[in-house]
Structure formats: C-alpha cells, structure tokens
Amino acid sequence: MVIAVNRYFQKAKMLSVSFGVVGASVGMLSFPLLIRFLAELYGLNGALLIHAGLCFNIVACGATIFPSKRRQFNKEKSDEDKPLTCGNKETVGFSFCLQPPFIAYMFTNFLFMAALYIPTTQIPKHAVSIGISVNDISLAIAVSGIGNMFGRISFGVLSHRYESHVVKLWIICLTCSGLIMLMVPFSTKVEEFTIFMIIYGYFEGASSVGWNISLFNLINLKYYERGISIAYFVAGIGLAVGSPFTAFLSEEFSSNGISYYIGCGMFVLGAFIMIPFASISAITDNVLPQPKIQNESNSTVKLGR
C-alpha cells in the first residue's frame, strides 16, 4: 500500500502515505471487539473462519490499486518520474544500502519493530495476573486504536507542514513510545492500563507513519520502493523475535516489568541511532525538476547531484 501511494501521488507524498495507512487504526479499534463477540457467539473456530472471510476482501481492495494503462503511459512520458540516467544506463541499483543513513535506518527499523507489539502481546497476561478480567483488559487494548488514529493523522499533517524535520519528529515519537512503556510495571488498575494504551497508541501510530516516510528524507526518492521493501523484510525479522524474546525473559526472571524495560531501551536506542541524520532532507532534492542547459553542441544535458 505504501509503494502504491508513492506511485500515485507525486505531490504531498508524506501526507498521502499518512492518510493511506490510517485505516490500520480503525482495524485496531474494531477487530479485537468484533473477534471477542464472534468467539462468544460462534466459538473460536467460527470466529476465525469469519475473520478469514473478512480479511480475504484485501484481495479485492488490492486489485483496485493497480495503475491503469493510461497512468503507466503518462508515467513513461514524464521526465520528472524517470530515474536518473548515465548514458543509456539507469543508475538505480542497491548502492544506497551501503549509505550510512540507510544503515542507521535499518538498525532503528529492527529495534522499533522488535519493541512495537510488546505491550499488546504481554499486557493481557500481566493484567490477569494482578486480578483484572480478560474482558476489561481487551477493551483497554482496543481503545488504543483511537490514539493510534490521531497519532497517524497528526504526524502526517506535521510532516507535510515541516517536510525537512520528519526524521526529527520520528525521533521524538520513538523516544516517547519508549518512555511511556515505563508506566506499565506500575499500573494496577484497568483505568491506568487504558490511559497507557491510548497514549502509547498515539505515539505508536505516529512512529509507524514516521517509519514509512522518514525514508523519503534519508535516501533519494528513486530508491524508495526498493528501500522500503528491504525495510519491511527487516521489520518482519524484528516482529518475529521481539515479543517472544522479551516474553521468555519475563518468565525466566519471573518479572512482568522486564519486558517493558527492554522495550523502552529498544525504542530509545533506535531514536539515538537516528540523531546524526536528523537534519537530512533529501525530499526537497527529490521533488525539484532537474534543470537543463545547452552545451556547445546544442544538445540538452541534465544536471544532477
């Protein structure tokens, strides 16, 4: 979806990506409550079967974002959309993977995704162990979708207004996501968990949008689609190891708090890694048309950096 938005919208890319992924927040708010209702009505197997049917609509939704032939033709004819060339060869490759901003982004990407779902995967067991019912804590987790929605929208608006400061905004949101996790070990009431989930949901949503669009500022736009694809692969590794690893440590040391302390450290460390690249603003160079001059042989030459 992020790559599709990048293809369709040449202006206000950051705002477009932000609003393009805001639907995830609606899913976070509605699906936990829906699945709980379906499980009570039809049992777990029936609930999962209905859930699978609902999710299968993704195929139809995905089919609507294929570019039309007219769109492809116009893109081929647009000089601004063509990759930079050197002679007759395209310069688009994977050399950007060795650039320090992208390497730092990958480390932060891994840490961010490893810590992202620690609260939602481990708070239920933690809450039940201190006497809070499953129904109450599931509702508290579901309302995080409200904060998540506002976080995604507000980050999109701010990034559109302050394009050159997107990485700085992302660093702030990562830091806040980590620090607010320190609230969980000291929470004992469902109201406290609800407040935490709303605040954490806000910064989680903002950080998720920042994760997608910070790459616009860190590498040249022509590399974005390859870069974000690699980022999603690394993110999958982070998701696979983060929550299980911290859950193992929590049981090994018989402490509910250790998972959140580690998660806080991951968020803050990821933010710290990005600080040297906070002032990079490649997006401005990406959207400006390439100037042209006439050389002595009256042939047009494109200027590049």
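Note that the structure is predicted; figures quoted are calculated from it, not measured.

### Remarks on the overall build of the chain
Move 1: Scanning the chain from terminus to terminus reveals 14 helices and four strands.
Move 2: Every one of the 305 residues in the chain was classed for burial, and the buried ones make up 38%.
Move 3: Partitioning the contacts of the chain with sequence separation of at least 6, the portion at a separation of at least 24 is 78%.
Move 4: Roughly 16500 Å² of accessible area belongs to the chain as shown, and the carbon and sulfur atoms make up 67% of that amount.

### Considerations on the packing of helix H6 (residues 100-116) against helix H12 (residues 224-252)
Move 1: Running from N to C, H6 and H12 cross one another at 35°; their axes reach a closest spacing of 7 Å. Every pair of crossing elements has a handedness; the one defined by H6 and H12 is right-handed. Judged by residue contacts, Phe102, Tyr105, Met106, Asn109, Phe110, Met113 and Ala114 of H6 engage Gly227, Ile228, Ile230, Ala231, Val234, Ala235, Ile237, Gly238, Leu239, Val241, Gly242 and Ser243 from H12.
Move 2: When the residues that make up the contact of H6 with H12 are grouped by side-chain class, the tally is 14 nonpolar, five polar and no charged.

### Brief notes about the packing of helix H8 (residues 134-142) against helix H11 (residues 190-218)
Move 1: Viewed as axis vectors pointing N to C, H8 and H11 meet at an angle of 20°, and their least axial separation amounts to 8 Å. When the interaxial angle is binned, H8 and H11 end up roughly parallel. Two packed elements cross with a definite hand, and for H8 against H11 that hand is right-handed. In contact with Asp136, Ile137, Ala140 and Ile141 of H8, H11 contributes Val190, Phe193, Thr194 and Met197.
Move 2: Of the residues belonging to the contact of H8 with H11, the class tally is six nonpolar, one polar and one charged.

### Focus: the side chain of Ser243
Move 1: Looking at the element boundaries, Ser243 is found in helix H12.
Move 2: Looking at Ser243, its side chain comes within polar contact range of the side chain of Thr121, at 3.4 Å.
Move 3: Apart from the residues within four sequence positions on either side, Ser243 is in contact with Ala114, Tyr117, Ile118, Thr121 and Gln122.

### Quick notes on the nonpolar core
Move 1: Within the largest apolar cluster, 60 residues are counted, with the highest numbers of intra-cluster contacts made by Tyr105, Ile123 and Phe155.
Move 2: Broken down by element, this core gets its largest block of residues, eleven residues, from H11.
Move 3: For Phe155, the contacting residues outside a window of four places in its chain are Val166, Leu169, Trp170, Cys173, Ala206, Val209, Gly210 and Ile213.

### A few points about the UniProt feature "transmembrane region" (unreviewed entry) in the chain
Move 1: UniProt records the feature "transmembrane region" (unreviewed entry) for residues 12-35, 47-67, 102-120, 167-187, 193-218, 230-248 and 260-283 in the present numbering.
Move 2: End C-alpha to end C-alpha, residues 193-218 measures 36 Å, and it is 100% helix and 0% strand.
Move 3: Secondary structure across residues 230-248 divides into 100% helix and 0% strand, with the first and last C-alpha atoms of the span separated by 28 Å.

### Points about the packing of aromatic side chains
Move 1: Counted by the stated rule, this structure contains ten aromatic pairs.
Move 2: Here a set of aromatic residues connected by ring pairs shows up, and it is made of Phe96, Phe102, Tyr105, Trp170 and Tyr223.

### Structural notes on the environment of Leu249
Move 1: Note that Leu249 resides in helix H12.
Move 2: When residues no more than four places from it in sequence are discounted, the contact partners of Leu249 are Ile258 and Ile262.

### Section: a nonpolar patch on the surface
Move 1: Among the surface-exposed residues, Phe37, Leu41, Tyr42, Ile50 and Leu54 lie close enough to one another that they form a single nonpolar patch of about 490 Å² accessible area.
Move 2: Topologically, Tyr42 is positioned in helix H3 (residues 23-55).
Move 3: The class of Tyr42 is exposed, set by a relative accessible area of 51%.

### Focus: helix H10 (residues 166-180)
Given 3.6 residues per turn, any residue in an α-helix points the same way as the ones three and four places further on.
Move 1: Its 15 residues give H10 an end-to-end C-alpha distance of 21 Å, which sits within 8% of 21 Å, the value for a rise of 1.5 Å per residue.
Move 2: Of the positions making up H10, those classed as buried are Val166, Val167, Leu169, Trp170, Ile171, Cys173, Leu174, Ser177, Gly178 and Ile180.

### A closer look at the confidence of the model for the chain
Move 1: Mean pLDDT over the chain stands at 78; residues scoring 70 or higher make up 82%.
Move 2: Every residue in residues 72-91 scores below 50 in pLDDT, and together they form 19 contacts with partners more than four places removed in sequence or on other chains.
Move 3: Scored below 50 in pLDDT, residues 283-305 shows 28 contacts in the model against residues more than four places distant or in partner chains.

How each quantity is defined
Residues numbered from 1 in each chain as written. Predicted model: local features only at pLDDT ≥ 70, side-chain atom pairs only at ≥ 80, totals over all residues. Heavy atoms only, no water. Helix = DSSP H or I, 4+ residues; strand = E, 2+ residues; numbered from the N terminus. Buried < 20%, exposed > 50% of the residue type's maximum accessible area, 1.4 Å probe, protein only. Contact = heavy atoms within 4.5 Å. Areas by Shrake-Rupley, 256 points an atom, 1.4 Å probe, with all protein chains shown as cover. Axes fitted to C-alpha atoms, helices over the stretch in contact; angles between N-to-C directions. Left-handed = near helix turned anticlockwise from the far one by under 90°. Nonpolar A, V, L, I, M, F, W, Y, C, P; charged D, E, K, R; others polar. Parallel < 35°, antiparallel > 145°, perpendicular 65-115°, else oblique. Polar contact = N/O pair within 3.5 Å; in protein donor to acceptor, adjacent residues only side chain to side chain. Core = buried A, V, L, I, M, F, W, Y, C linked by side-chain atoms within 4.5 Å. UniProt positions renumbered as here; feature names shortened; annotations may be inferred. Phe/Tyr/Trp six-rings, centres within 6.5 Å; stacked < 30°, edge-to-face > 60°. Patch = residues over 30% accessible without salt bridge, like charges linked within 9 Å, V, L, I, M, F, W, Y side chains within 5 Å. Salt bridge = Lys/Arg side-chain N within 4 Å of Asp/Glu carboxyl O. Expected span 1.5 Å × (residues − 1). pLDDT = per-residue confidence, 0-100.

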